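Each chain, letter by letter, is given below.
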Amino acid sequence: MHEEAYNQLCKLEQKLPFDPSVLYFKAISAFNCGKYKECFDAFDKIITVDKNAVIAKYYREEARIAVKKGDTAPMSYFYRMPKKERESSLKLLAVVSAMSNKQIKQVFEELDISDCVRWCFDEGENNTELQFLGAMCAVKGRIDDVVCDILLDAFQQDELKIRMLFEIGKRNEDLSLNVVFCNVLKTVDFYKLKIGRIKRKNFVGGYAQLTSRFGILDDGLSERFALAAERLYAKLESEQKLYSVGSASEIAAAVLLYSKIKLPKLSRRNEICKYFRVDSNEIFDRYGV
């Protein structure tokens, strides 16, 4: 059975030379009929073609250990991490997602969770919750190569990328990121807000909301949002109203109104307030816009 499967998969590989599924089944069938060189060649090809092929990497190591021990028991064709390793990865990611930025910085000097994050996208192809967990851990852990791969992956959901950009924007750093939205390569720029410490987190969050959602629409929008946020902050500071400002969503709406930037379907006051789910009267009372 395994020999026949191997021969059929070799023929299929000629038509689909870089298909990870074909290569994985070829690797397993090769192992199961004693063709170890062909097995490892197929595994190596998968890992080269697909950076997220963490499960293939795991079973390649299992195959290597089995060959070294002389264990010829057939390997399963099922592309899934064993239950024990799967639960261990989930626990680790859950712990990381709950850590503070200070804790993350300390832990990640010695801990590399890149494979755990990539596993979320390898096994969780149709599991949006698992992918979301992995993406947030990649952003928090500043695993830049994984973050860039996700943002540039045309097959990943745009909603996930927007949330990632929002979390990155909350760092309040000067950054320029390439991202694929609707199969089009875009650049999103973030500018560090030069504002005081009072309510800084709220203002940075509001700016991050605007830029992560609308920064792709025009090259200059991110900078205009930043300037408007700084000016609104200075206005409220001079009026001694900073302590009364509300949530990041409120500030996002206020900054957009203050900037007088007209976005598609968000050019009127009621449209802006409805989009950010804020009260128009409260925005006027608190921010004077």
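Please read these numbers as outputs of a predicted model, since none were measured by experiment.

Chemist: I'd love a proper account of the pairing of strand 1 (residues 175–181), names of residues and values included.
Modeler: Pairing analysis gives seven bridges linking strand 1 to strand 2 (residues 184–190), with the strands arranged antiparallel. Bridge pairing links Val179 to Lys186 in strand 2. What sits between strand 1 and strand 2 in their antiparallel hairpin is a turn of two residues, with Cys182 showing a positive phi close to 55°.

Chemist: How would you summarise the environment of Asp219 if you had to cite specific residues and measurements?
Modeler: Residue position: Asp219 is located in the loop between helix 11 (200–214) and helix 12 (221–238). Its relative accessible area of 66% is what places Asp219 among the exposed residues. Spatially, the C-alpha atoms of Asp219 and Gly124 are 34 Å apart, while their sequence positions differ by 95 residues.

Chemist: Can you tell me about the environment of Pro264, naming the residues and giving the values?
Modeler: With respect to the helices and strands, the residue Pro264 is situated in the loop between helix 13 (248–259) and helix 14 (269–276). Overall, Pro264 belongs to the exposed group, its relative accessible area being 61%. With 258 residues separating them in the primary sequence, Pro264 and Tyr6 have C-alpha atoms 55 Å apart.

Chemist: Go over unusual backbone geometry with me, naming the residues and quoting the values.
Modeler: Positive phi, close to 50°, is recorded for Arg142, a residue that is not glycine. You can see Arg142 is positioned in the loop between helix 8 (128–140) and helix 9 (144–151).

Chemist: Let's hear about the packing of helix 9 against helix 10 (residues 158–169): which residues, and what values?
Modeler: Running from N to C, helix 9 and helix 10 point in directions that differ by 140°, and their axes come no closer than 10 Å. Here helix 9 lies oblique to helix 10, going by the angle between them. You can see that helix 9 and helix 10 cross each other, and the crossing is left-handed. Along the contact surface, helix 9 presents Val147, Ile150 and Leu151, while helix 10 presents Leu160, Lys161, Met164, Leu165 and Ile168. A breakdown of the residues in the contact of helix 9 with helix 10 according to their chemical character gives seven nonpolar, no polar and one charged.

Conventions used here
Residues numbered from 1 in each chain as written. Predicted model: local features only at pLDDT ≥ 70, side-chain atom pairs only at ≥ 80, totals over all residues. Heavy atoms only, no water. Pairing = 2+ DSSP bridges. Helix = DSSP H or I, 4+ residues; strand = E, 2+ residues; numbered from the N terminus. Buried < 20%, exposed > 50% of the residue type's maximum accessible area, 1.4 Å probe, protein only. Axes fitted to C-alpha atoms, helices over the stretch in contact; angles between N-to-C directions. Parallel < 35°, antiparallel > 145°, perpendicular 65-115°, else oblique. Left-handed = near helix turned anticlockwise from the far one by under 90°. Contact = heavy atoms within 4.5 Å. Nonpolar A, V, L, I, M, F, W, Y, C, P; charged D, E, K, R; others polar.

By themselves, these figures tell us nothing about what the structure is for.
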